[in-house]
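# Per-entry structural report
Here is what each chain is made of, one letter per residue.
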Amino acid sequence: MSVIIFSFILLFVSITAGLLGSLTGLGGGVVLIPVLTLIFKVDIHYAIGTSLISVIATSSGAAAAYVKEGISNIRLGIFLELATTIGAIMGAFLAGFISTSVIAIVFGVILIFSAGVSLLKHEDHIEVGQGGPLARRLKLNNSFPSERGTIGYTVRNIPGGFLMMNLAGIISGLLGIGSGALKVIAMDNIMRVPFKVSTTTSNFMIGVTAAASAGIYLRRGYIDPGLSMPVVLGVLIGAFAGSKILFAAKSKSLRMLFAIVILLLAIEMIYNGTLHRI
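The structure reproduced in this document is the subject of the present report.

## Quick notes on the pairing of strand E2 (residues 149-153)
Judged from the five bridges that link them, strand E1 (residues 142-146) and E2 form a sheet pairing that is antiparallel. When the sheet's bridge partners are listed, Pro145 is paired in E2 with Thr150. The hairpin formed by E1 and E2 contains two residues between the paired strands.

## Points about the side chain of Ser198
Take Ser198: it is sitting in helix H9 (residues 195-219). A residue is classified by how much of its surface remains accessible, and Ser198, at 0% relative accessible area, is buried. In terms of polar contacts, Ser198 uses its side chain to reach the backbone carbonyl oxygen of Val193, at 3.3 Å. Setting aside its immediate chain neighbours within four residues, Ser198 contacts Val184, Met187, Asp188 and Val193.

## Examining unusual backbone geometry
The backbone of Lys139 shows a phi angle near 55°, a positive value even though the residue is not glycine. Take Lys139: it is sitting in the loop between helix H6 (133-138) and E1. You will see that Arg192, though not glycine, has its phi angle at about 60°, which is positive. Mapped onto the secondary structure, Arg192 falls in the loop between helix H8 (180-190) and H9. Accessibility expressed as a relative area gives 26% for Arg192, which makes it partly exposed.

## Remarks on the nonpolar core
One finds Ile33, Leu111, Leu175, Ile177 and Met269 to be the most contacted residues of the largest nonpolar core, which totals 47 residues. When residues of this core are assigned to their parent elements, the largest contribution, seven residues, is made by helix H2 (residues 29-39). Ignoring any residue separated from it by four or fewer positions in sequence, one finds Leu111 in contact with Val30, Pro34, Ile262, Leu265, Ala266 and Met269. Residues Ala83, Tyr153, Ile158 and Phe204 belong to the second largest nonpolar core, which totals 21 residues.

## Thoughts on the environment of Gly91
Along the chain, Gly91 falls in helix H4 (residues 74-95). Note: C-alpha distance between Gly91 and Leu175 (84 residues apart in sequence) is 7.9 Å. Those residues in contact with Gly91, other than ones at most four positions away along the chain, are Ile170, Gly173 and Leu174.

Conventions we followed
Residues numbered from 1 in each chain as written. Predicted model: local features only at pLDDT ≥ 70, side-chain atom pairs only at ≥ 80, totals over all residues. Heavy atoms only, no water. Pairing = 2+ DSSP bridges. Helix = DSSP H or I, 4+ residues; strand = E, 2+ residues; numbered from the N terminus. Buried < 20%, exposed > 50% of the residue type's maximum accessible area, 1.4 Å probe, protein only. Polar contact = N/O pair within 3.5 Å; in protein donor to acceptor, adjacent residues only side chain to side chain. Contact = heavy atoms within 4.5 Å. Core = buried A, V, L, I, M, F, W, Y, C linked by side-chain atoms within 4.5 Å.

That is the geometry; function is a separate question.
Put into structure tokens, the structure is as follows:
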């Protein structure tokens with residue numbers, strides 16, 4: 001396969017990954033890493049390095065649109081990035097001491113978890129009131145626009161969400177994904193933030209989390225410009241398109257397709273990791 005054909009195929013795959021990552025808030029790495037390792041036989045460390053660059057691009061492409069619309073909770077995202085950044089550095093450090101087969105198996109388990117999260121029926125938890133003293137002191141309570149007008153909400157359980165975000169950061173640094181599933185769970189289920197806000201704030205955060213660990217992978221030589229260039233371009237296009245689709249259409253069928261693909265990739269990753277083929 002020539003370099004040009006490989007780049008165009010990778011561009012198409014990256015557009016799809018960026019689109020799905022933007023719509024679900026899970027990040028495009030959950031698609032890119034299995035495709036690179038299983039189909040293109042790229043070493044998983046290089047796949048993770050490329051995925052981290054793609055996550056930064058996905059966040060940049062989608063987050064700008066979500067922030068402009070006033071959906072993302074910027075103060076909440078910046079506060080929780082403290083936890084994810086520390087975790088991402090820890091995860092990237094650990095990745096150098098864990099075998100590729102173990103990383104593949106762990107990645108497969110996280111994929112299954114991500115697929116389950118994407119299939120859940122999400123209903124907004126609109127919490128009202130003043131909230132706890134920590135949320136008031138940090139001014140985390142906010143509002144977001146909807147078809148019914150501006151809706152206000154209160155952020156709950158700040159410490160629990162912060163701890164979950166730290167775990168999400170460790171997984172992001174170890175596996176090279178945005179850990180959007182854990183971020184959405186932390187905000188949606190633990191902190192009781194409306195799902196639309198959770199998804200868009202997750203897209204805002206995943207780029208910073210990935211950037212924290214990408215430097216370590218770059219220093220180790222695991223970021224290949226030949227792989228990263230078409231991936232960054234593709235995920236930017238896909239993330240931009242996804243941000244427009246999220247406003248205009250329901251993504252239930254896309255979530256179903258996403259979950260099916262992710263489950264298949266997860267089984268393949270766990271199988272190959274168990275047999276030490278990765």
